Amino acid sequence: MYNRDMVRRLAPLLATLFLFAACESREVEKDLKIVDMHTGWYDAGVMAGGQNKLVPSISLKLQNISDRDIASVQLNAVFKRVGEDTAWGEHFIRAIDTDVLKAGSTSGNIVLRSSLGYTGSQSRIQMLQNKDFVDATVEIFGKHGSRTWVTMGDYQIDRQLLTE
């Protein structure tokens, strides 16, 4: 049988090792891959004054390409107009919560949209075809634990109308 004194001495060490293993920060850029990505301009509906609103949008899934489960991953989408350096809008989410994404598995669909976009009295299709329309890009950043934000992808927003 086990020696009770030895168990008492090892228990704090084992608890500490377990705590450090649970708190490990992962390199999301190595452990996760963006898949099934689609971009476009989401029809945000009719705003005050009867103006139509379009906002840049991206939908994606995260695939766990590592050999270990992962949880608590955050994403931040930073939208910019082409030719501009300043952010035009952001969308921050917890992409994978405390329920783990198993090794080799793919998440459900994740949708990220800017709160800023274009408004106009034209139809949505006419807005996309307007000569003054400026295209947009989105940069996806990921983070796990105490690590710093890392770029996971940079995408052009397709000039297509999205309704979902």
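About the criteria used
Residues numbered from 1 in each chain as written. Predicted model: local features only at pLDDT ≥ 70, side-chain atom pairs only at ≥ 80, totals over all residues. Heavy atoms only, no water. Helix = DSSP H or I, 4+ residues; strand = E, 2+ residues; numbered from the N terminus. Buried < 20%, exposed > 50% of the residue type's maximum accessible area, 1.4 Å probe, protein only. Contact = heavy atoms within 4.5 Å. Areas by Shrake-Rupley, 256 points an atom, 1.4 Å probe, with all protein chains shown as cover. pLDDT = per-residue confidence, 0-100. Phe/Tyr/Trp six-rings, centres within 6.5 Å; stacked < 30°, edge-to-face > 60°. Lys, Arg positive; Asp, Glu negative; His and termini not counted. Salt bridge = Lys/Arg side-chain N within 4 Å of Asp/Glu carboxyl O. Polar contact = N/O pair within 3.5 Å; in protein donor to acceptor, adjacent residues only side chain to side chain. Pairing = 2+ DSSP bridges.

Caption draft 1: Quick look at the overall build of the chain. Helix and strand counts for the chain come out as three helices and nine strands. When the helices and strands of the chain are listed from N to C terminus, the series reads α-α-β-β-β-β-β-β-α-β-β-β. Out of the 164 residues in the chain, the part that is buried amounts to 37%. At a minimum sequence separation of 6, the contacts of the chain that also span at least 24 residues come to 69%. Carbon and sulfur atoms make up 52% of the accessible area of the chain, which amounts to about 9,900 Å² in all.

Caption draft 2: Structural detail: the confidence of the model for the chain. Confidence in the prediction for the chain averages 89 pLDDT; 86% of positions are at 70 or higher. Mean pLDDT per element in the chain: helix 1 (residues 4-22) is the minimum at 53, and strand 3 (residues 73-81) is the maximum at 98. Counting contacts from residues 14-22, a segment whose pLDDT is below 50, to residues more than four positions away or on other chains yields zero contacts.

Caption draft 3: Structural context of the packing of aromatic side chains. One pass over the structure, following the stated rule, counts six aromatic pairs. Seen in terms of ring centroids, W88 and Y118 are 5.1 Å apart; in terms of plane orientation they differ by 55°. Their pairing is tilted. With W88 in the loop between strand 3 and strand 4 (89-96) and Y118 in strand 6 (residues 118-120), the pair connects residues that are 30 residues apart, well separated along the chain. The same class applies to W88 as to Y118, namely buried. With centroids separated by 4.8 Å and ring planes inclined at 50°, the aromatic side chains of Y118 and F133 adopt a geometry described as tilted. Note that Y118 is positioned in strand 6 and F133 in the loop between helix 3 (124-129) and strand 7 (136-144), a separation of 15 residues in sequence. In this structure, Y118 and F133 share a single accessibility class: buried. Three or more aromatic residues joined by ring pairs form one cluster here, namely W41, W88, Y118 and F133.

Caption draft 4: Summary view of the side chain of K143. The residue K143 is located in strand 7 in this model. Of the buried charged residues, K143 lacks a salt bridge, with E29 as the closest side chain of opposite charge at 11 Å. Within the local environment of K143, its side chain forms a polar contact with the backbone oxygen of G145, the two atoms lying 2.7 Å apart. Among the polar contacts listed, one links the side chain of K143 to the backbone oxygen of R147, at a separation of 3.4 Å. Apart from residues no more than four positions distant in its own chain, K143 is found in contact with V28, S72, V73, Q74 and W149.

Caption draft 5: Up close: the pairing of strand 8 (residues 150-156). Two strands pair when backbone bridges link them, and strand 7 and strand 8 are joined in this way by six bridges, in the antiparallel orientation. Bridged to E139 within strand 8 is D154. Linking strand 7 back to strand 8 in an antiparallel pair, the connection comprises five residues, with G145 at a positive phi of about 60°.

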